[in-house]
Amino acid sequence: MSFMQTALRGIAAAALIAGTGTVAMAQEVTLKLHQFLPAQASVPKQILDVWADKVEADSDGRIKIDRYPSMQLGGRPPELVDQVIDGVADIVWTVTGYTPGRFPSSEAFEMPFVMTNGEDTSRAYWQYVEKNMLDTEFADLKMLGVWVHGPGLIHSKDPITSVADLNGVKLRAPTRVTNKMFTDMGATTVGMPVPAVPEALSKGVIDATVIPWEVTTALKVSELVGNHTTWPNNALYTTTFIWAMNKDKYAALPDDLKKVIDDNSGEEFSAFAGKTMQAADQQGFDFAKERGNNIIDLNEDQIAEWKAAAAPIEAWWVEEVTKAGLDGQALLDEAKALIQENTK
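Everything in this summary refers to the structure shown in the same document. All residue numbers refer to position in the chain's written sequence, counted from 1. With pLDDT at 70 or above as the cut-off, local features in this predicted model cover only qualifying residues; side-chain atom pairs require 80 or more to be listed or tallied, and sums for whole chains, interfaces and linings still use all residues. Side-chain metrics in this entry use all non-hydrogen atoms of the structure; hydrogen atoms and water are not considered.

1. Examining the pattern of salt bridges
Now for step 1: A pair is scored as a salt bridge if a Lys or Arg side-chain nitrogen falls within 4 Å of a carboxyl oxygen belonging to Asp or Glu. If you walk through the whole model with that rule in mind, you get 20 salt bridges.
Now for step 2: Across the pair Glu267 and Arg123 runs a salt bridge whose closest N-O atoms are separated by 2.9 Å. Pair noted here: Glu267 is in helix 10 (residues 267-279) and Arg123 is in helix 4 (residues 118-132), with a separation of 144 residues, a long-range link.
Now for step 3: The shortest N-O distance in the salt bridge between Lys203 and Glu199 comes to 2.6 Å.
Now for step 4: On the accessibility criterion, Lys203 (59% relative accessible area) is exposed.
Now for step 5: Put simply, Asp49, Asp53, Glu56 and Arg67 are held in one network by salt bridges that share partners. Think of it this way: any DSSP run of H or I at least four residues long counts as a helix, any run of E at least two long counts as a strand, and we number them from the N terminus. Think of it in three bands: residues with accessible area under 20% of the maximum for their type are buried, residues over 50% are exposed, and the middle band is partly exposed, with areas taken using a 1.4 Å probe on protein chains only.

2. A closer look at the sheet that holds strand 6 (residues 170-173)
Now for step 1: Only when DSSP finds a minimum of two bridges between them are two strands counted as paired. Taken in spatial order, the 6 strands make up an open sheet running 7-6-8-5-9-11, and their pairing is mixed. Looking along the sheet, the strands with just one partner apiece sit at the ends: strand 7 (188-191) and strand 11 (294-297). Put simply, the sheet's adjacent strands are angled 25 degrees from each other on average, direction ignored.
Now for step 2: Strand direction decides the pairing type here: strand 6 and strand 8 (residues 208-211), joined by 2 bridges, are parallel. Opposite Arg172, over in strand 8, you have Thr209 as the bridge partner.
Now for step 3: Whether two residues are in contact is decided by their heavy atoms, any of which lying within 4.5 Å being enough. Where helices are involved, their axes are fitted lines through C-alpha atoms of the stretch in contact, as for all axes, and angles between N-to-C directions lie from 0 to 180°. On top of the sheet, helix 5 (residues 176-184) reaches strand 5 (153-156), strand 6, strand 7 and strand 8; it is set at about 160 degrees to strand 7, its chief contact.

3. Thoughts on the side chain of Asn342
Now for step 1: Examined against the element boundaries, Asn342 turns out to sit in helix 14 (residues 328-342).
Now for step 2: Judged by relative accessible area, Asn342 falls into the buried class, the value being 12%.
Now for step 3: Identification of polar contacts relies on pairs of N or O atoms within 3.5 Å, with a donor-acceptor requirement for protein atoms, meaning one able to donate a hydrogen and the other able to accept it, and with residues adjacent in sequence counted only if both atoms are side-chain atoms. Of note is the side chain of Asn342, whose polar atom sits 2.8 Å from the backbone oxygen of Leu338.
Now for step 4: Apart from residues lying up to four places away in sequence, Asn342 is in contact with Asp120, Arg123, Ala124 and Gln127.

4. Considerations on helix 14
Now for step 1: Here the expected length of a helix is defined as 1.5 Å per residue gap, with one fewer gap than residues. Between its first and last C-alpha, helix 14 extends 21 Å over 15 residues, near the 21 Å set by a 1.5 Å rise per residue.
Now for step 2: Looking only at helix 14, the buried set comprises Gly328, Leu331, Leu332, Glu334, Ala335, Leu338, Ile339 and Asn342. Viewed along the axis of helix 14, the buried residues span an arc of 160 degrees, placing them on a single side of the element. Turned more than 90 degrees away from the buried face of helix 14, the exposed residues are Gln340 and Glu341.
Now for step 3: Looking at the buried residues of helix 14, the elements they touch are helix 4 and helix 13 (312-323). The arc under discussion is defined with respect to the helix axis, by the directions toward the C-beta atoms.

5. What to know about the sheet that holds strand 4 (residues 141-148)
Now for step 1: Read across the open sheet, the 5 strands follow the order 2-1-3-10-4; overall the sheet is mixed. Whereas interior strands pair on both sides, the edge strands pair on one side only; in this sheet they are strand 2 (63-68) and strand 4. Within this sheet the neighbouring strands show an average axis-to-axis angle of 20 degrees, counted without direction.
Now for step 2: Where strand 3 (residues 91-95) lies against strand 10 (residues 240-246), 5 bridges are found, and the strand directions are antiparallel. Along strand 10, the bridge assignment pairs Val95 with Phe241.
Now for step 3: Relative to strand 4, helix 10 is tilted by about 35 degrees, and along the sheet it contacts strand 3, strand 4 and strand 10.

Here it is as structure tokens:
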């Protein structure tokens with residue numbers, strides 16, 4: 001049974017109990033959930049709220065989750081990891097790349113043209129994290145889930161078809177890997193959290209951005225640019241996300257409530273999140289198409305040019321993380337193998 005099926009069943013059961021007048025146990029703990037997107041964006045609405053609602057239902061109301069979108073607890077998106085470690089927030093969703101160099105092993109999943117689809121790649125990512133990161137880079141966090149978005153693409157004011165079209169383009173990229181890749185391709189890369197993209201586009205700070213379709217509607221990107229470059233049946237890049245809880249807050253829960261958290265977290269939830277995030281791409285694509293924006297679907301020869309230009313990034317990354325004491329080639333090989341093993 002998928003995470004979504006169990007979520008709907010659990011929430012329906014809770015509603016039935018409430019409707020019959022059964023008295024639920026008193027609330028025991030309130031958890032503060034903090035993240036950087038507006039509440040109506042697809043990830044908060046279709047993934048984070050689904051998880052939170054199911055945890056509340058499965059706990060018979062003993063766990064209450066207060067949701068704080070758009071950084072309402074203060075700070076900036078790159079501070080979310082430390083906020084959950086320090087207890088400012090109890091649960092956070094964030095981009096690993098917002099803290100460059102802090103979670104280098106996760107970057108193996110951000111290599112160009114490596115991911116297949118959101119669901120299977122996210123499942124592989126969780127398996128990889130369990131083996132390589134829970135006791136190392138994620139040791140200060142109680143990990144609830146990890147996932148990736150669907151195939152990333154370029155949204156730009158001027159059309160971008162060839163690699164040469166990037167020359168001189170001020171382009172926002174989300175991670176250390178993508179910043180390096182696009183810089184090497186000739187763009188002037190500008191790093192910033194995704195909520196800053198609309199203002200940066202409107203003020204001319206950037207000419208283009210790389211994000212998946214799913215977040216373009218919440219950020220109104222298709223109203224700020226007229227061109228969208230896609231790599232059909234290929235993924236120019238993807239971004240890794242983490243869904244994490246404060247370790248002390250988790251440890252303080254009674255065992256039955258820990259089980260509620262654990263039963264709703266892990267591999268199945270990660271796969272659900274990746275699948276759901278990619279499914280939300282359709283809405284962003286449809287909106288851009290309805291506006292009459294220029295959607296550029298690259299052909300096989302054009303894609304081959306981009307693959308050749310992006311290929312050196314893997315060797316660069318392996319060298320970089322190996323210097324930091326990791327076996328970069330082994331991690332990259334393992335990530336690729338897990339993605340292929342899990343791809344249906």
